[in-house]
Amino acid sequence: MNLAERIDSTLFHTVGDTADSLDRPCYVVGGYVRDIFLYRHSKDIDFVTVGSGIEVAEAVARKFGKATRCNVFKNFGTAQVKHRGIELEFVGARRESYTHDSRKPIVEDGTLDDDLARRDFTINAMAISVNSASFGELIDPYDGIGDLDRQIIRTPLDPDITFSDDPLRMMRAIRFATQLGFTIYDETFDAISRNAARIEIISRERIVDELMKIMASPVPSIGWYLLDNSGLLPYILPELNAMKGVQTVNGRGHKDNFDHTLQVLDNVARKSDNVWLRWAALFHDIAKPVTKRWDDRLGWTFHNHNFIGAKMLPRIFRNMRLPLNEKMKYVQKLVELHMRPIALVEEEVTDSAVRRMIFEAGDDIEDLMTLCEADITSKNQEKVRRYIDNFRLVRDKMAELEERDRIRNFQPPVSGEEIMQIFNLPPSREVGTIKENIKNAILDGVIPNEREAALDFMYKTAASLGISRDK
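Everything quoted here is computed from the prediction, not taken from an experiment.

**Description of the overall build of the chain**
The secondary structure content of the chain amounts to 24 helices and 13 strands. Against the 2.2 N^0.38 benchmark of 23 Å for 471 residues, the chain shows a C-alpha radius of gyration of 30 Å, more extended than a compact globule. The principal-axis extent of the C-alpha atoms belonging to the chain is close to 90 × 65 × 40 Å. Counting only residues that meet the buried cut, the chain has 50% of its 471 residues in that class. Total accessible area computed for the chain in this model is approximately 22800 Å², and 47% of it derives from carbon and sulfur atoms. For the chain, the distance from the average site of its 65 positive side-chain charges to the average site of its 74 negative ones is 4 Å.

Dropping the structure here:
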C-alpha cells in the first residue's frame, strides 16, 4: 500500500525530503497509520526518525515557512510542528525500560524496531516510510494489518510485561475495543485481569481521559462490561461495581442494577452525543445499593435513591478527577430529577406537577426527558408501550404550558427587593415567604405568570401575615 494513495502526499514528501537532506530515516507511525487503514480522519501525525527528532522538526518548520510554529520539548526529546491546522509530532526512535513502581520509562536511543516493539498494540506498531527512496513502504513487524482485518486488540510483546510496565495500556485496550468495536485477544485480556491491581499507580486524570473516550463511543456499555470482566471496575469506580448482582428474599428479587444502568446508558447514547448526559445515565441509580431495603409489604425498595445519588456525586467526581463545575451540577440535577417524569406518568399528569418539573429542570428539560425515556428497560412490552404513551402526554402538556405560562427559567414577576421596598421591610423570613408563595402560586396555576396578578397575590399574602404597606 502506498501512502500517497490515501492522503495528501505533499506534506509527507516535504517531511521526507527534509529528512533526506539530513540523511535521516523518517517514518509516520502509530495511530495515524492505523487510521489510514480504517479510513478515519486525523489531524495529528506522529513521526519517528532514527536520530534527533527535534533536529528534523526544526528543519521541517523552516521548510514550511513563516506561518509554521515549532515547539520543542527537550526534556522529552520531542518537538511539535503546527502547520495549517495540522499537528506534526517528531521524536527520535527509542527503547524503554521500566521500574515496577512507576509507569515513567527509562528512555534510550534505539532503532525503528525498538520503537515499534515498545508500542502498546500491534495495530499501533506500524510505520510508513516518508524517505524518497522508500516512500510509502509499510513496516509491520507484528502483523498489525492482520489484526486490523481480524478486528483484534493484541500487544506486540508479552502482555504481562506490557501492562505491568505501563498499566494505562489496560485502559487503552478497553478504550480501543469500545471505540472500534474490536475484540481484545484472549491472551491479552487475561493479562489485563492478572495485572488489574497495577492500575492503582496510574493518575486518576489519565484514567478519566480514557473513560471520556469510552463514554463518547457509539456503544459505551462495551467498555464498562470489559472493565467489569477484566477486574478493573472496582479500582476505577467502586460505586458502580457495588450495583452488580441480584438479591432475593422470599422468592422476590430485583433487577440487576448494573445491567439496567448500562442498558440506560446505551439507550441515551443512541439518542444523544452529549457525553455529560451519558454520565448522568451511568450515575442515575448510583445510590440504589445504599438505599436498598426489603419491605415485607412492598418488597424491594430504593427510597430517595435519586436525592441520595445526587449528594454522592461531588465525592465521586472528586475521587475520579471529573470536573467539579457546571458539568457536575448538570449531572447532579438530572440524577436528582430523573424520577420526576416517571412519577408523573404513574399518577395523573397535572398542570402543577408539569410546571414544577419544567421550572426545576430549566434548559435541561429535554435532556431530562431523554434520560427518563431511556430508563424504560422493562421486558414487558405492554408496560413499555404504556410508559412511552404517557411520556408523550407529558411532552404535550409541557409544550402547552411552556407556550402559555413561560415557566422555563422563570423568575417571579415581583423580586425580593421590590417586596422589601413596598412594605418597608429589611431582609427577613417574611420577605422570603411572600416571594416563595408568589412562585408557588404561579407553578400551581393559582395565578398566571404576569406582574399584575403577582402584585395582587403579594398584597393578599402580606395581609395574611399581618404585613401592610404602612409597616
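Moving on from the coordinates now.
**Topic: the packing of helix 22 (residues 416-423) against helix 23 (residues 429-443)**
Relative orientation of the contacting elements helix 22 and helix 23 amounts to 125 degrees, with a least axis distance of 9 Å. By the angle between their directions, the pair helix 22 and helix 23 is classed as oblique. Seen along the crossing, helix 22 lies across helix 23 with a hand that is right-handed. From helix 22, Gly416, Ile419 and Met420 reach across to helix 23, where they touch Val431, Ile434, Lys435 and Ile438. Of the residues assigned to the contact of helix 22 with helix 23, the class counts are 5 nonpolar, 1 polar and 1 charged.

**Here's the deal with unusual backbone geometry**
Non-glycine residue tyrosine 39 carries a positive phi angle of around 55 degrees. Positive phi is not limited to glycine here, since asparagine 304 has a value of about 60 degrees. When its relative accessible area of 46% is taken as the criterion, asparagine 304 is described as partly exposed.

**Comments concerning the nonpolar core**
Counting 107 residues, the largest nonpolar core has Phe47, Trp224, Trp279 and Phe283 as its most contacted members. Judged by nonpolar contacts, the second largest core, of 17 residues, contains Ile419, Val431, Ile447 and Ala453.

**Quick look at helix 8 (residues 186-194)**
Taken as a whole, helix 8 has its buried residues at Thr188, Phe189, Ala191 and Ile192. Seen end-on, helix 8 carries its buried residues on one side only, within an arc spanning 155 degrees. Facing away from the buried side of helix 8 by over 90 degrees, the exposed positions are Asp186 and Arg194.

**Notes on helix 1 (residues 9-21)**
With 13 residues, helix 1 extends 18 Å from end C-alpha to end C-alpha; this agrees with the ideal 18 Å at 1.5 Å per step. Taken together, the buried positions of helix 1 are Ser9, Leu11, Phe12, Thr14, Val15, Gly16, Thr18 and Ala19. Lining the buried residues of helix 1 we find strand 1 (26-29), helix 2 (31-38), strand 2 (44-49), helix 3 (53-64), strand 4 (78-83) and strand 5 (86-92). Phi turns positive one or two residues past the end of helix 1, at aspartate 23, with a value near 60 degrees.

**Observations concerning the sheet that holds strand 3 (residues 69-73)**
Pairing within the open sheet is mixed, and its 7 strands lie in the order 3-4-5-2-1-8-9. Edge positions in the open sheet fall to strand 3 and strand 9 (138-139), since each of these has one partner strand only. Bridging between strand 4 and strand 5 involves 6 bridges; their strand directions are antiparallel. Following the sheet pairing, threonine 78 is matched in strand 5 by valine 91. In the packing of helix 1 onto the sheet, contacts are made with strand 1, strand 2, strand 4 and strand 5, and the angle to strand 2 comes to roughly 20 degrees.

Calculation rules
- Residues numbered from 1 in each chain as written.
- Predicted model: local features only at pLDDT ≥ 70, side-chain atom pairs only at ≥ 80, totals over all residues.
- Heavy atoms only, no water.
- Helix = DSSP H or I, 4+ residues; strand = E, 2+ residues; numbered from the N terminus.
- Rg over C-alpha atoms; globule rule 2.2 N^0.38 Å.
- Buried < 20%, exposed > 50% of the residue type's maximum accessible area, 1.4 Å probe, protein only.
- Areas by Shrake-Rupley, 256 points an atom, 1.4 Å probe, with all protein chains shown as cover.
- Lys, Arg positive; Asp, Glu negative; His and termini not counted.
- Charge placed at Lys NZ, Arg CZ, Asp CG, Glu CD.
- Axes fitted to C-alpha atoms, helices over the stretch in contact; angles between N-to-C directions.
- Parallel < 35°, antiparallel > 145°, perpendicular 65-115°, else oblique.
- Left-handed = near helix turned anticlockwise from the far one by under 90°.
- Contact = heavy atoms within 4.5 Å.
- Nonpolar A, V, L, I, M, F, W, Y, C, P; charged D, E, K, R; others polar.
- Core = buried A, V, L, I, M, F, W, Y, C linked by side-chain atoms within 4.5 Å.
- Arc of directions from axis to C-beta.
- Expected span 1.5 Å × (residues − 1).
- Pairing = 2+ DSSP bridges.

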